[in-house]
Amino acid sequence: MSGILERVIVALDFPDGESALRFVDEAGGRLTWYKVGLQLYLSEGESIVRKLKERGKKVFLDLKLHDIPNTVKGAVRAISRLGVDMITVHATGGGDMIRAAREGAGDADMIIVAVTILTSLSHEDLVSFGYSLDTVSIVKNLSEISLTAGADGIVCSPLEVGYLKNNLNGTFIAVTPGIRFSEDAAGDQKRVSTPEEAIAAGADYIVMGRSLTAAGNLRERLDQLGSIPFPRP
Ligand code: C5P
């Protein structure tokens, strides 16, 4: 049994590379995985990926690709040259789009995870789209479509991960954003839980942004996180 710090992916939602790398350097060797999202990638481009890799970090490029299959295939082919370790596509792009993403990745050693329903969406939002099933069933359907089409895993809220791990066939990677320490505000996230709850429910990786990047007491927060056992190999 080991601590969970190697399973924590920090969302580097910073406006520029300098502030992102200041955080990375402050955390030093205690954290391995970093998520580069739209904001940072659009401001810094591939140089931020290179700088993280130079520091020996694993990079999750979270561009949440969602387009027609041919376009996504080309985009993933371009990403596969960057040397990132994990990428996202939207599950609602459908099975053909995810198959195309897999083809675009070719031989690159890159985990592809499909975002099911954003953790910032509530059940009421889904009803307003016209979705009539309960949230967990929609997430399960999207997960099945994604995994059948060749995704290595899925992104879901910590509230759904336990159900998915118990009700989907085969092994798959579950990544859960929407993580908050019990004393933190949820902010724009709607479907949230604590790191302990997410890991206990079966999350393989937890994505944490503002609870770490906006905390004044990073060292204490990492101590708090590091003391949580990760119960799986
Ligand atoms: O600051 P916070 O912990 O809410 O950041 C969560 C991160 O996870 C953000 O970078 C967001 O883009 C990402 N994310 C999410 N919900 C998803 C997929 C990714 O919040 N379904």
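Everything below is about the structure shown above.
These notes cover the structure that comes with them.

### Structural notes on the site of the ligand
The immediate surroundings of the ligand are formed by 16 residues, with Asp13, Lys35, Thr119, Gln189 and Arg210 found nearest. In this structure, an oxygen atom belonging to the ligand sits 2.7 Å away from a side-chain N or O atom of Lys35. More than half of the atoms belonging to the ligand lie within 2 Å of the grid points that define the largest pocket. Elements with a minimum of two residues in the shell around the ligand: β4 (58-65) and β9 (205-208).

### Observations concerning the side chain of Thr88
Inspection of the secondary structure assignment puts Thr88 in strand β5 (residues 86-90). One polar contact links the side chain of Thr88 to the main-chain amide nitrogen of Leu63, over a distance of 3.4 Å. Setting aside anything within four residues of it in sequence, one finds Thr88 in contact with Phe60, Leu61, Asp62, Leu63, Lys64, Leu65, Val113, Val115 and Val155.

### Quick notes on the pattern of salt bridges
On inspection of all chains with the given rule, the structure shows 15 salt bridges. Among the salt bridges present, the one from Lys64 reaches Asp62, with a minimum N-O distance of 2.8 Å. A relative accessible area of 29% means that Lys64 is categorised as partly exposed. Note on Asp62: relative accessible area 5%, which makes it buried. Each member of the salt-bridge network shares a partner with another, and the members are Lys35, Asp62 and Lys64.

What counts and what doesn't
Residues numbered from 1 in each chain as written. Predicted model: local features only at pLDDT ≥ 70, side-chain atom pairs only at ≥ 80, totals over all residues. Heavy atoms only, no water. Near = heavy atom within 4 Å. Polar contact = N/O pair within 3.5 Å; in protein donor to acceptor, adjacent residues only side chain to side chain. 1 Å grid on protein atoms, 1.4 Å probe; cavity = no way out; pocket = protein on both sides within 12 Å on 5 of 7 lines; lining within 4 Å. Sits in = over half its atoms within 2 Å of the grid points. Helix = DSSP H or I, 4+ residues; strand = E, 2+ residues; numbered from the N terminus. Contact = heavy atoms within 4.5 Å. Salt bridge = Lys/Arg side-chain N within 4 Å of Asp/Glu carboxyl O. Buried < 20%, exposed > 50% of the residue type's maximum accessible area, 1.4 Å probe, protein only.

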